[in-house]
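Observations on the model geometry
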Amino acid sequence: MSSGALRLWKNARLATFATGQGWGLVDGGALVCAGQHFVWAGPLRDLQMPSGELRAEHDLQGALVTPGLIDCHTHLVYGGDRAAEFELRLQGARYEDIARAGGGIRSTVAATRAASSAVLFQTASARAQALMQEGVTTLEIKSGYGLSAEHETRCLAVARRIGAELPVSVRTTSLGAHALPPEFTGRADDYIDEACTWLAAQQSAGLVDAVDAFCDTIGFTPAQTERIFQAAQRLGLPVKLHAEQLSDQGGAALAARFGALSCDHLEHLSAAGVQALRASGTVAVLLPGAYYFLRDTQAPPVQMLRDAGVPMAVATDHNPGSSPTLSLLLMMNMACTLFHMTPEEAWRGVTVNAARALGLPDRGQLLPGQRADFVVWNAEHPREITYRFGHNPCRQVVQAGVVSNFREPA
Ligand code: NIG
Ligand code: FE
């Protein structure tokens, strides 16, 4: 790896999350970046400075440093909000019934189609910045509220623009198979035929990194999902799936057959589904925000996933209907309290395992060769960050070797 101009951060308490080393704590740690990558991450006393001009040196005076956080499942680009739907649900209406009556995702589709691209960009970038204030350096953004060739492309372009204009890496996911748009009522198979044809143009415009679908009773059937996956596979695009959120459709096993990067939600995942994920190396992305906000009572089978060695990630699932949160730190706390994940599992879920859910092996750990995305915290141990909630101890964010925001110590 070429060195060039170097930047040194020293006297840190590193939590590297190196594989097989638990937290991977290193006291008296140093990080050296050359360009966008680490050339050293380890004890300062063992550092042999690579050749090159030392452009900056920071003394962190013992502060905790972790990898940058990765939010691997969001629906950040949409118009309007669903606050009125929340009130209806509090009065007893069910999420599925609101959706079947034409509300839910469809109401956000109408608001998204009516919004200008400028407004979609402005609102989505404000949401991205809220996530970044807590240390998010990589973000996945799905389409899925346009549901036509024109509007899906527009939403993906807005997502790409966020990655181009803000100091955050963005991965885009095409989610045309999110819900049936009103103009296709009663013709779901025709809609899937059409949605399959959009992928090639989205890909050649450089707008899509992966393909997702919502396989459920208010989404699409396994057979329809399979057709979307086949279209993705023909283009060499990796797939992901909103699977077993409200019911068990065997979606995880289907996605595993296509070597899916991740299956997400999974409240109703069966033992057979767990084994399918294990065999395909698919990441289970757990979304406590949606579980909480829909007042679900069936938690995903975390113990079965753990026993099978399925990697688990945690994400916000930010969207206006089922998870309007903009705090990945809160999701880490809720992954522990609601899903009984350990604090270390929650951390791996927003770092190394989230990277894997996005097919990005170059980040998520503090190791030489990885992208220099990291966070300096006002905390002594990462477990403190999963313990408090409604509190943001993020002090400094470095993205691709460059300081991207700064907050004074609390
Ligand atoms: O991930 N489950 C499907 N999609 C979103 C919710 C979409 C919405 O309600 O607007 C989710 O929870
Ligand atoms: Fe989602």
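In this report, we go over the structure that sits alongside the text. (Residues numbered from 1 in each chain as written. Chains lettered and ligands numbered in written order. Predicted model: local features only at pLDDT ≥ 70, side-chain atom pairs only at ≥ 80, totals over all residues. Heavy atoms only, no water.)

Describing the pattern of salt bridges
This model, assessed by the stated rule, comprises 23 salt bridges. We note a salt bridge from Arg 82 to Glu 85, for which the minimum N-O separation is 2.6 Å. For the pair shown, Arg 82 and Glu 85 are each scored as buried. Arg 187 serves as the salt-bridge partner of Asp 190, at 3.4 Å between the closest nitrogen and oxygen. By sharing partners, the salt bridges in this structure join Arg 94, Glu 96, Asp 97 and Arg 100 into a single network. (Salt bridge = Lys/Arg side-chain N within 4 Å of Asp/Glu carboxyl O. Buried < 20%, exposed > 50% of the residue type's maximum accessible area, 1.4 Å probe, protein only.)

Re helix H12 (residues 328-337)
The element H12 is extensively covered by neighbouring structure, given that eight of its 10 residues are classed as buried. For H12, the full list of buried residues reads Leu 328, Leu 329, Met 331, Met 332, Asn 333, Met 334, Ala 335 and Cys 336. (Helix = DSSP H or I, 4+ residues; strand = E, 2+ residues; numbered from the N terminus.)

Some remarks on the coordination of the iron ion (ligand 2)
In a perfect tetrahedron of four donors around a metal, the angles come out at 109.5 degrees. In a perfect octahedron of six, they are 90 or 180 degrees. Summarising the metal site, the iron ion (ligand 2) is bound by the protein donors His 73 (NE2), His 75 (NE2), His 242 (NE2) and Asp 317 (OD), whose distances to it range over 2.0 to 2.2 Å. In primary sequence terms, the donor set of the iron ion (ligand 2) follows H-x1-H-x166-H-x74-D. On the criterion of sequence distance, the pair formed by His 75 in the loop between strand E6 (69-71) and helix H1 (83-90) and Asp 317 in the loop between strand E13 (312-314) and H12 is long-range, its members being 242 residues apart. The same class applies to His 75 and to Asp 317, which are both buried. (Donors = N, O, S within 2.8 Å, 3.2 Å for Na, K, Ca; no water.)

Here's the deal with the packing of aromatic side chains
Evaluated as defined, the whole model comprises 12 aromatic pairs. On the numbers, 5.0 Å between centres and 85 degrees between planes, the contact of Trp 9 with Phe 374 is edge-to-face. Placement of the pair is Trp 9 in strand E1 (residues 6-15) and Phe 374 in strand E14 (residues 374-377), with a sequence separation of 365 residues. For the ring pair Phe 17 and Trp 23, a centre distance of 6.1 Å and an interplane angle of 65 degrees mean the geometry is edge-to-face. Per residue, the accessibility class of Phe 17 equals that of Trp 23, and both read buried. An aromatic cluster is present here, built from Phe 17, Trp 23, Trp 347 and Trp 377 joined pairwise through their rings. Taking NZ or CZ as reference, Arg 127 lies 3.7 Å from the ring centre of Tyr 78, over its face. Lying over the aromatic face of Phe 121, Arg 161 brings its terminal NZ or CZ to 3.6 Å of the ring centre. (Phe/Tyr/Trp six-rings, centres within 6.5 Å; stacked < 30°, edge-to-face > 60°. Lys NZ or Arg CZ within 6 Å of the ring centre and 35° of its normal.)

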